[in-house]
Amino acid sequence: MVEQAAHVLSWHARSYRKSWRATITVAFLNPLFFLFSIGVLLGGIVDEGRADLGGLTYLEFVAPGLLAATAMQIGTNEGSFPVMAGLKWTRTYHAVVATPVRVLELFLGFFGWVALRIVVAAAIFTAVAAAVGAFRSPWAALAPLAALGCGLAFAAPIAATAGAVENSSVLTAIFRFGILPLFLFSGTFFPVSQLPAALEWAARVTPLWHGVTLCRELAGGTAELWPSLGHAGYLAAFTLAGGALAIRILQRKLLK
Amino acid sequence: MSSGHEGEPRIQAAGLTKRFGDFTAVDGVDFAVVAGETFGFLGPNGAGKSSTMRMIGAVSPRSGGALRVFELDPAEAGPEIRARLGVVPQEDNLDLELTVFENLLVYGRYFGLPSSLIRERADELLAFMQLADRRQHRVEPLSGGMKRRLTIARALVNEPDLMLLDEPTTGLDPQARHAVWDRLYRLKQRGVTLVLTTHYMDEAEQLCDRLVVMDRGRIVAEGSPRDLIARHVEREVVELRFAAGTQDGAVARLAGVGDRIEELADRILIGTADGDATLAAAQDRGVEPESVLIRRSTLEDVFLSITGRTLID
Ligand SMILES: Nc1ncnc2c1ncn2[C@@H]1O[C@H](COP(=O)(O)OP(=O)(O)O)[C@@H](O)[C@H]1O
Ligand SMILES: [Mg+2]
């Protein structure tokens, strides 16, 4: 099973060699632009070590948020259109399951590839953020893993959705009306306590908020064991439930 | 390629059924394919050919009946069966971003073949499928015929014991189609077991040792192309082609001429043992076709005589 999934993963890696240029803006450049423009430059203006930020500088506050949000974006991008393409556009998933590879193995290979994409981007971002002094604690070294959890918590349910829906406009709508507002309002750029109570509550149930908070507490050195496990468990629950659903949907679509 | 094992069972189907919701796409078909033969499913769009092929390919669970492929049950031994199949699906599903060679490499890995072996086989297969000069080309800009040949090459990478070809030449221009036929004919000569579907009677006639005629989910006739023609239709056909609007009443006037009369939108077909005599008799009845043609009966005529409809609408 692992071996077959690895073959599927290496197929994705091979395809990526042809198309990596198209992904570097979302995965690498945009997050770094945000880090410098908002974290370093804007942060330099607004910083007075405000209590609202839990004693962090704005750079220290926003960098882990950007890390989690970047993971979310890679997870949604890689989990959405590529799945629809494999099922409906280029139909390459149908080619895979005509071989001894099973749908479960196809999914695991795909998902492993998405995980790799997220973790590499997160590691690079973390290294750059550390270099500009955005982290207080050595626990920041675990932040890429927290970001991975955040990215997969999006990738899995999005993959299930991309498998289930007939029309790519649904995915476009999710990006516009789901992911973008999450990016802006789920604690990446400001504490959710700034939001009206109802919206604050809504922000706290999103996986992004848990990912952001976990990354931020690790990087800021304020992480405590049980709350951190709580965040990680929340992200894992989204990943597992979304993944199980995605596998069932792919089975239904590929083996009908 | 797999020669030998001549006559060993490859596929056995009894009462094989596929339902989608309450629609029955394949309605209790019986057939068997043995090693070394080329077996065809001939039928119009919607007959249930692809649904049958997908059940054989262990990518579609059957709704009823019995099915054994390599004497294994696809419901239980999907990966084992698929490991020995070469599948050319109705719609190409190559990775368009990768090169011709990479498509073979990636696919071969799914069969657990080492890269070095795939490399060797890829060179042979690309030469055989006349794609050697495209080895390093991206797939996307290739012509439809080349993509089809690559799909066939890809299906051969695991040296399958059985090839499933779903409409191998549909959508190709005549030249590309002949190139594919030529390659399939060579595979057949090497002893590869081929199962193909088609709605082209000439394809079925040229390639198949034995075929079943499918219509609306059922098998309506079975035999070699020659048998089917001998059993179901007369030796020759007189085709009377009419200009628009001039065909009305002609069938009535032709009553009793030849052995069997079929009327289509723009022509009347008369089945007969003696085309010349029948044409003369028809002309005596005073019908005025725009043109006439005497030809040998084909599988198209078999289908028409059984179902009253043409293969290609
Ligand atoms: N996944 C599906 N869901 C519902 N109906 C289907 C599905 N696949 C095929 N059909 C229907 O089953 C019938 C047979 O289809 P198919 O096996 O593709 O025929 P053929 O290959 O002979 O053209 C058609 O009427 C088709 O619309
Ligand atoms: Mg079909």
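Basis of the calculations
Residues numbered from 1 in each chain as written. Chains lettered and ligands numbered in written order. Predicted model: local features only at pLDDT ≥ 70, side-chain atom pairs only at ≥ 80, totals over all residues. Heavy atoms only, no water. Helix = DSSP H or I, 4+ residues; strand = E, 2+ residues; numbered from the N terminus. Contact = heavy atoms within 4.5 Å. Areas by Shrake-Rupley, 256 points an atom, 1.4 Å probe, with all protein chains shown as cover. Lys, Arg positive; Asp, Glu negative; His and termini not counted. Charge placed at Lys NZ, Arg CZ, Asp CG, Glu CD. Buried area = accessible area lost by both parts, 1.4 Å probe. Salt bridge = Lys/Arg side-chain N within 4 Å of Asp/Glu carboxyl O. Pairing = 2+ DSSP bridges. Axes fitted to C-alpha atoms, helices over the stretch in contact; angles between N-to-C directions. Domains from an automatic or database assignment.

## Topic: the overall build of chain B
- The secondary structure content of chain B amounts to 11 helices and 13 strands.
- Across its three principal axes, chain B shows a C-alpha extent of roughly 70 × 45 × 40 Å.
- A separation of at least 24 residues holds for 68% of the contacts in chain B among residues at least 6 apart in sequence.
- For chain B, the accessible surface area stands at approximately 13000 Å², while carbon and sulfur atoms represent 46% of it.
- Side-chain charges in chain B split into 38 positive and 49 negative, and the spacing between the mean points of these groups amounts to 4 Å.

## Thoughts on the interface of chain A and chain B
- With 22 residues of chain A in contact, the opposing surface of chain B contributes 27 residues.
- Where chain A abuts chain B, roughly 2200 Å² becomes buried across the two surfaces, and 58% of that area is made up of carbon and sulfur atoms.
- For the interface between chain A and chain B, the tally reads three salt bridges.
- Residues Lys18(A) and Glu102(B) are paired through a salt bridge, measuring 2.9 Å at the closest nitrogen-oxygen approach.
- Of all the secondary-structure elements, those providing two or more residues to the side of chain A that touches chain B are α1 (2-46) and α4 (92-97) of chain A.

## Overview of the sheet that holds strand β9 (residues 218-223) of chain B
All names here are of chain B.
- What the six strands build is an open sheet, ordered β5-β6-β7-β3-β8-β9; its pairing is mixed. Where the open sheet ends on each side, the last strands, each with one partner, are β5 (85-88) and β9. On average, adjacent strands in this sheet sit at an angle of 15° to one another, irrespective of strand direction.
- Bridge count between strand β3 (residues 38-42) and strand β8 (residues 210-215): four bridges; the pairing is parallel. Looking at the pairing, Leu42 lines up with Val213 of β8.
- Helix-sheet contacts for helix α5 (residues 144-155) involve β5 and β6 (162-166), and the interaxial angle to β5 is about 165°.

## With respect to the domain arrangement of chain B
- Domain boundaries assigned for chain B yield domain 1 (9-224) and domain 2 (234-296).
- In this structure, domain 1 of chain B and domain 2 of chain B have C-alpha centres spaced 39 Å apart.

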